[in-house]
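What follows is each chain in one-letter form.
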Amino acid sequence: MVDSDAISRIDVPCALCGCGEAEVRYRIGEFRVQQCVQCGLVAVNPRFPEEETSHVYEAYYGGEARVQDTDGEKCYGGYIKDVERQRSRRVHLNRIHRRRLRTLENLAPGRRLLDVGSAAGFFLMDARERRWEVSGLDVSDSAARYARSHRLAVRTGTLKDTHLEPESVDAVTMWEVVEHLHDPLRDLLTLRHALRPHGALAISTPNYDSVLRRIRGGRWHGFKLDEHLSLFSPQTVGLLLEEAGFEPVRLLTVRTDLLRARRALLRIRGRVPDALYETLRLGQTAINESLGKVIFFPWEKLLQGDVLEVYARKR
Ligand SMILES: [Zn+2]
């Protein structure tokens, strides 16, 4: 496994407009969260070079050992096992997926779907249930292999090094992916090429305009500084879509969690009885889904919720 700390990081200009001038908004450790003076895109510098993408992600999520491991915070295996074991978790995910798929079903010209950053393939499984013809792409080979073991056509790779047939899909989804991309504009142009005329694109990403970012400052969970390279707002995600030849048709903000005790929960997992751990985790979800939803409702309507969800159509 490659130690991601051993990779030296570099500074890059704005991924949206190429401008080299930016104002620093936060300094967190060795990282600067900075905003382009020209287009307003918020980005993180320094960052690991794009060629190191698969190494870095395999170090985070990958490797057989990691898939087996259920304790590590960044470990994907733990997440997969949780979703497999806990019915409540799967039901919760399924509800989000169904809502997203319903929107896409009204937008896409057909039923061929490509999920970029498909991870373990849970979204694709739910799409297949709704008679979508599904395929996926993920940078982590261990995640892609898990998806393939569930009879999903998921390839390992990045958009830069994967050939996509022109006009071969009706919808492309990228859930929590665009913030990880080194060159989001180039990658969206690639996806536009793969979409049929009027094809649909759906994106979700942490919202820089989130009320929680303003409350928590540098401790906001959107700042995962080695992974999240760009932090979009409703304005800059709109700019990105326009530049890449898409017409935004629906933009909403969702999932503003009142309680985020993920780290604390992970710390106690294995040390307390499973039933207690599960009760605490369910309690957190219940509070977020009830009280949290009521409290943050006005902010979500003002597009200051924690996660941006955008639907667009190929021009
Ligand atoms: Zn810019």
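From a predicted model like this one, the values you see are computed outputs, not experimental measurements.

Chemist: Even after reading the chapter, I still don't get the overall build of the chain, so can you show me in this structure?
Modeler: Looking only at helices and strands, the chain features 11 helices and 11 strands. Here the C-alpha atoms of the chain give a radius of gyration of 19 Å, agreeing with the 20 Å that 2.2 N^0.38 yields for 315 residues. Based on the C-alpha atoms only, the size of the chain along its principal axes is roughly 50 × 45 × 45 Å. Scored against the burial criterion, the 315 residues of the chain give a buried share of 37%. Across the chain, contacts joining residues at least 24 apart in sequence account for 69% of those joining residues at least 6 apart.

Chemist: How should I be thinking about the environment of W299 in this particular structure?
Modeler: Counting through the fold element by element, W299 comes out in helix α11 (residues 274–301). Along the backbone, W299 and H55 are 244 residues apart, and their C-alpha atoms lie at a distance of 38 Å. Excluding residues that lie within four positions of it along the chain, W299 makes contacts with V211, T256, Q304 and G305.

Chemist: Teacher, can you tell me more about the sheet that holds strand β5 (residues 133–138) here?
Modeler: Where strands meet in a sheet, backbone hydrogen bonds hold them as pairs that are either parallel or antiparallel. With respect to topology, 7 strands assemble into an open sheet ordered β6-β5-β4-β7-β8-β11-β10, the strand pairing being mixed. The sheet is open, and its two borders are formed by β6 (154–156) and β10 (246–254), each paired with just one other strand. Within the sheet, the average angular offset between the axes of one strand and its neighbour, ignoring direction, is 15°. The pairing of strand β4 (residues 112–116) with strand β7 (residues 169–175) spans 3 bridges and is parallel. Its bridge partner being in β7, D115 is matched across the sheet by T173. Relative to strand β11 (residues 307–314), helix α9 (residues 234–243) is tilted by about 25°, and along the sheet it contacts β8 (195–206), β10 and β11.

Chemist: Can you walk me through the packing of helix α4 (residues 87–107) against helix α5 (residues 122–129) in this structure?
Modeler: Any two packed helices are characterised by the angle at which their axes cross and by the distance between the axes. Relative orientation of the contacting elements α4 and α5 amounts to 60°, with a least axis distance of 10 Å. Classified by the angle between their axes, α4 and α5 sit oblique to one another. The element α4 and its partner α5 pack so that their crossing is right-handed. Counted together, L93, N94, H97, R98 and L101 of α4 and F122, F123, D126 and A127 of α5 form the full contact between these two elements. Its residues assigned to classes, the contact of α4 with α5 comprises 5 nonpolar, 2 polar and 2 charged.

Chemist: What's the story with unusual backbone geometry in this structure? I'm lost.
Modeler: Among all residues except glycine, the phi angle is most often negative; among peptide bonds, the trans geometry is most common. Of note, the amide linkage connecting N45 to P46 takes the cis form, showing an omega dihedral of -10°. Its place among the elements puts P46 in the loop between β3 (42–45) and α1 (53–61). Even without glycine at this site, E167 takes up a positive phi of about 50°. The exposure class assigned to E167 is partly exposed, which follows from the 13 C-beta atoms found within 10 Å.

Parameters at a glance
Every chain begins its residue count from 1, and numbering advances along the sequence as written. Per-residue local features of the predicted model are confined to residues with pLDDT of at least 70, and side-chain atom pairs are confined, for both listing and counting, to 80 or more; whole-chain, interface and lining totals are unaffected and use all residues. Helix numbering and strand numbering both begin at the N terminus, where a helix is a DSSP run of H or I of at least 4 residues and a strand a DSSP run of E of at least 2. Using C-alpha atoms as the atom set, the radius of gyration is obtained and then compared with a globule rule of 2.2 Å times the number of residues to the power 0.38. Counts of 20 or more other C-beta atoms within 10 Å of a residue's own C-beta define buried residues, counts of 12 or fewer define exposed ones, and intermediate counts define partly exposed ones; C-beta atoms are placed from the backbone. By definition, residue pairs are in contact when their C-beta atoms, positioned from the backbone, come within 7 Å. Pairing between two strands requires that DSSP report at least two bridges joining them. To obtain an axis, a line is fitted to C-alpha atoms, over the contacting stretch when the element is a helix, and the angle between two such axes runs from 0 to 180 degrees between their N-to-C directions. Here the angle decides the label: under 35 degrees means roughly parallel, over 145 means roughly antiparallel, 65 to 115 means roughly perpendicular, and every other value means oblique. Throughout, a crossing is termed right-handed when the near helix is turned clockwise from the far one, and left-handed when it is turned anticlockwise from it by less than a right angle. Gly is placed with the polar residues, together with every amino acid not listed as nonpolar (Ala, Val, Leu, Ile, Met, Phe, Trp, Tyr, Cys and Pro) or charged (Asp, Glu, Lys and Arg).

Fair warning: the whole summary comes from geometry, so function is off the table for now.
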